[in-house]
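Here's the letter readout for the chains.
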Amino acid sequence: MNAGFHTRAIHEAETHLGGALVTPICQTATFKFKTLEEAKNAIELSLERDAPGYAYTRFSNPTHTALEKKVASLEEGQAALATASGMAAIATVIFTAMKKGDHLVSAGGIYTTTHALFAKLPAWGMEVSFADQTRPADIASNIKRNTRLVFLETPSNPLLDVADIAEIAEIAGKQGARVVVDNTFLTPYYQRPLKLGADIVIHSATKYLSGHLDTMGGVIVGEKDFLKACADTVTLMGGIMNPFNAWLITRGIKTLPIRMEKHSGNAMAVARWLENEPGVAKVRYPGLASHPQHKLASKLAGGFGGMVAFEVSGGLAGARKLLETARLCSLAVSLGGPETLLEHPATMSHLKMPPEDRAALGISDGLIRMSVGLEDAEDIIADLAAALRKL
Ligand code: LCS
């Protein structure tokens, strides 16, 4: 569809089956055929992932197709694949692009479960090196002859480090390695990594794409042949999305642009306010001039998103007081929904990481990660102010 981002978010790939305005959920595991010929064709087509041609939902499903076409259009990629979760998307990319003996270079300070998956790769005969994605030279010096993928998560979870996707894509491209970008935090509304030279985009659709903290999902976007190979991996490994979740995520994407604008505006207001609060030692938000890569973030992306990290004075005791006193803001993992969420990396997402490794990454006991929601900014700030005053 040749139209603007908002229009495509709403109208792209809607099927209008049976005259329905909204694409219906095809909540079926299997599909029925009249003839053997029809069955054979459908199985062939569904394994080739050329709709129409559906045989079994682990191969493909019309509700997945609608979501995949919408996300491919928004990311400006050739094709997309829906998976059971963001982790299923990442695992699918790894087990499609890499085999025994291959090497991955990954950004270091990324979502803990992604890091944990990569740290396990040697057990499956693959190699991994972690590098600093804010220094392209560090990524370059870690690329070896057998490097197949360079994995970036930008801005990163939880510290919001920004990677220069274009520069790293150029470095990796020269060495024959593909660049994968986890675009969960900014979404295609603000950042389109494929346009910047990346080869593959992944999403935890559990977050901003679905936007309501009520479902799980993942999406991979990239070239058609690679996505076909990813679909084969999902067919074999089984990490398929539930059609109902695909429907919920497609529904969520229709309001993605306006939600991202509001998340971003609220996050900027909260970050600016936090910067002037005496009980707050540090604030990290790519939209603030004080962020070390503010200029790069402004160049790469159309906005800064809804995630803010800040450090309260008083370490663990300070963080505990704030987190247990806040009322409007909920203490919870995950992100990207209407409700503002506060997360304490040291006791939640990074609990299993040894304290010295946490410290090396810059994750102190006073660090709080905030998913700024869609409430009124003044109410979010008032809640934080009331809690901070109790410190
Ligand atoms: N990528 C990023 C950047 C994430 O933040 C997460 C989940 C994933 C991938 C994995 O996606 P999932 O399988 O959960 O759909 N991040 C979470 C977090 O920060 N707290 O809880 C989950």
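The text that follows walks through the structure, step by step, so that each part is easy to find. Note that the structure is predicted; figures quoted are calculated from it, not measured. (Residues numbered from 1 in each chain as written. Predicted model: local features only at pLDDT ≥ 70, side-chain atom pairs only at ≥ 80, totals over all residues. Heavy atoms only, no water.)

**A short note on the site of the ligand**
As a structural note, the neighbourhood of the ligand is formed by 17 residues, with Asp-182, Ser-204, Thr-206, Lys-207 and Arg-369 the closest of them. Measuring from an oxygen atom of the ligand, one finds a side-chain N or O atom of Thr-206 at 2.6 Å. Expressed as a share of its isolated accessible area of 480 Å², the protein-covered part of the ligand is 93%. Grouping the constituent residues of the shell around the ligand by class yields 5 nonpolar, 8 polar and 4 charged. Domain assignment of the residues forming the shell around the ligand places at least three in each of domain 1 (5-26 + 61-253) and domain 2 (256-388). (Near = heavy atom within 4 Å. Polar contact = N/O pair within 3.5 Å; in protein donor to acceptor, adjacent residues only side chain to side chain. Areas by Shrake-Rupley, 256 points an atom, 1.4 Å probe, with all protein chains shown as cover. Nonpolar A, V, L, I, M, F, W, Y, C, P; charged D, E, K, R; others polar. Domains from an automatic or database assignment.)

**Some details on the pattern of salt bridges**
Considering all chains together, one arrives at 16 salt bridges under this definition. For Asp-161, the salt bridge is made with Arg-284, and the minimal N-O distance between the two is 2.6 Å. Of this pair, Asp-161 sits in the loop between β4 (147-153) and α7 (165-174) while Arg-284 sits in strand β8 (residues 280-284); the two residues are 123 residues apart in sequence, bridging distant segments of the chain. According to the relative accessible area criterion, Asp-161 is partly exposed, its value standing at 21%. Measuring nitrogen to oxygen at the nearest pair gives 3.9 Å for the salt bridge that ties Lys-282 to Glu-311. (Salt bridge = Lys/Arg side-chain N within 4 Å of Asp/Glu carboxyl O. Helix = DSSP H or I, 4+ residues; strand = E, 2+ residues; numbered from the N terminus. Buried < 20%, exposed > 50% of the residue type's maximum accessible area, 1.4 Å probe, protein only.)

**Here's the deal with empty space enclosed by the protein**
Summed over all chains, the structure comprises 3 cavities of 30 Å³ or more. One number sums up the size of the largest cavity: a volume of about 60 Å³. What lines the largest cavity is simply Glu-14, Val-22, Thr-23, Thr-63, Ala-66, Ala-246, Trp-247, Thr-250, Arg-251 and Lys-254. Where the lining of the largest cavity is concerned, the elements lending two or more residues are α3 (62-75) and α10 (243-253). If one sorts the elements of the lining of the largest cavity by residue count, α10 sits on top with 4 residues. Grouping the amino acids of the lining of the largest cavity by side-chain chemistry returns 4 nonpolar, 3 polar and 3 charged. Approximately 50 Å³ is the volume attributed to the second largest cavity. For the second largest cavity, the full set of lining residues is Thr-154, Pro-155, Val-162, Leu-186, Gln-191, Pro-286, Ala-297, Leu-300, Ala-301, Gly-303 and Phe-304. (1 Å grid on protein atoms, 1.4 Å probe; cavity = no way out; pocket = protein on both sides within 12 Å on 5 of 7 lines; lining within 4 Å. Points joined across faces, edges and corners; volume = space filled by probe spheres on them.)

Honestly, that's just the spatial picture; any functional story needs more than this.
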